[in-house]
Amino acid sequence: MSDPTLPAWFAAACDEVNAAVSAGRLAHGLLIHEDPGAGGLELARWIAQRVNCRETSRAPCGECQDCRWVAAGQHPDVTVLSPEEDSQYIKIEPVRDLIADLALTAHGRGYKVAIFSPADALYPNAAQSLLKTLEEPTDRTLLLLVTSQPSRLLPTVRSRCSKLRLVGPTRETAASYLESSRGAGPWAEALAATGAGPFALRDADPAALAQLRNDTLATLQEVASGNVQPPAVAERWAKDDLSIRLSCLESWVTDRILESAPIRDVTHLSQPGMAPKICRLFEFSDAIRDMRKLAHTPINKTMAVEALLWRWARQ
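Cut-offs used in this document
- Residues numbered from 1 in each chain as written.
- Predicted model: local features only at pLDDT ≥ 70, side-chain atom pairs only at ≥ 80, totals over all residues.
- Heavy atoms only, no water.
- 1 Å grid on protein atoms, 1.4 Å probe; cavity = no way out; pocket = protein on both sides within 12 Å on 5 of 7 lines; lining within 4 Å.
- Points joined across faces, edges and corners; volume = space filled by probe spheres on them.
- Helix = DSSP H or I, 4+ residues; strand = E, 2+ residues; numbered from the N terminus.
- Nonpolar A, V, L, I, M, F, W, Y, C, P; charged D, E, K, R; others polar.
- Pairing = 2+ DSSP bridges.
- Axes fitted to C-alpha atoms, helices over the stretch in contact; angles between N-to-C directions.
- Contact = heavy atoms within 4.5 Å.

Q: How do you make sense of the layout of surface pockets when you look at a structure like this?
A: Leftover empty space is mapped by rolling, across the atoms, a probe with the size of a water molecule. By volume, the largest pocket amounts to about 2,100 Å³. Around the largest pocket, the lining comprises 48 residues; the ones closest to its centre are Pro36, Ser148, Gln149, Ala196 and Arg292. Ranked by residues supplied to the lining of the largest pocket, first place goes to helix 12 (residues 242–260) with 9 residues. Split by residue class, the lining of the largest pocket holds 20 nonpolar, 17 polar and 11 charged. Approximately 430 Å³ is the volume found for the second largest pocket. For the second largest pocket, the lining is made up of 21 residues, of which Val51, Cys53, Arg109, Gly110 and Arg140 are closest to its centre. At 3 residues, helix 2 (residues 40–52) tops the list of elements feeding residues into the lining of the second largest pocket. Residue classes in the lining of the second largest pocket are distributed as 8 nonpolar, 7 polar and 6 charged.

Below, the structure is given as structure tokens:
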């Protein structure tokens, strides 16, 4: 890997890009499939540096003007498109403007690079407008689509991109990375709260996340024991960081499933009482995921949370 400051789990993806560039076979469209929070956008910026660095013998050097411009988000040939603050989507107007810009000659000697993050936020007509650029790209043009959910992209877009996988680190490695980059804190608990990788927590308060996780799991235990009734909890959860609480629950349930019986160990599932336990955990996990999908819709969140907690209370 050219840049020793990059996280260790970037190594395989960076090596793959380096090999493609050296062989002259870097695709014009690259789909970066990241595990949530693994750092797909940072990898995309590294690739933009790689193809624009002036020090070709040790690219990306991180020190030349082009590398520094990319790192600062100021390179004239590198554009990052993400949803605007008031929207969940990347809309068609900025995509059309970007496509027009990609057809122009680059300011420097490198590539014109467009980064879409998260690419699954592309509005359908915006994604559709990319097809011609992916099919008939101008010379030295690179489209980088970053997503943790490639299935949400149009199949026609996916099929026109080469795939680059970015696997996230273990929770222990992620906690070490955050501690070295952000300082000491309850990073392991914060990571367990979200279930995501370290780049999802770079601006987070680990102590607050850890406290919220502990409160969520303690309440869940009280509900299961019958000491607390779901209606007494539902309204508070619906108004207080519901998305994070649901992430806490999903991460916790996933850990319990993996601890109870590795899926590959079929004989373990046949032990007395084990299959019903695993089934209940899976059912609760499915219910949490369904709730997370609906959390941004105009549903009655208090009633939805209450129904979810009643499901757990009856386990």
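Q: It is not clear to me how unusual backbone geometry should be interpreted in this structure. Could you clarify?
A: Backbone geometry follows two general trends: most residues other than glycine have a negative phi, and most peptide bonds adopt the trans configuration. The linkage connecting Ala59 with the following residue, Pro60, adopts the cis geometry, with an omega of -10 degrees. Considering the arrangement of structural elements, one finds Pro60 in the loop between helix 2 and helix 3 (65–72). For the peptide bond that leads from Ser117 to Pro118, omega is -5 degrees, which places it in the cis range. Checked against the element boundaries, Pro118 lands in the loop between strand 3 (112–116) and helix 5 (124–129). Phi angles above zero are rare outside glycine, and Asp241 is one such case at about 50 degrees. Relative to the helices and strands, Asp241 resides in the loop between helix 11 (230–239) and helix 12.

Q: Would you mind going over the sheet that holds strand 5 (residues 162–166) with me for this structure?
A: Overall, parallel pairing links the 5 strands, which are arranged 2-3-4-1-5 in an open sheet. The outermost strands of the open sheet, each flanked by one partner alone, are strand 2 (78–81) and strand 5. When the angles between neighbouring strand axes are averaged without regard to direction, this sheet yields 20 degrees. With 5 bridges joining them, strand 1 (residues 29–34) and strand 4 (residues 141–147) adopt parallel strand pairing. Paired with Leu31 across the two strands is Leu145, which belongs to strand 4. Sitting on the sheet, helix 2 is in contact with strand 1, strand 2, strand 3, strand 4 and strand 5, with an inclination near 165 degrees to strand 4.

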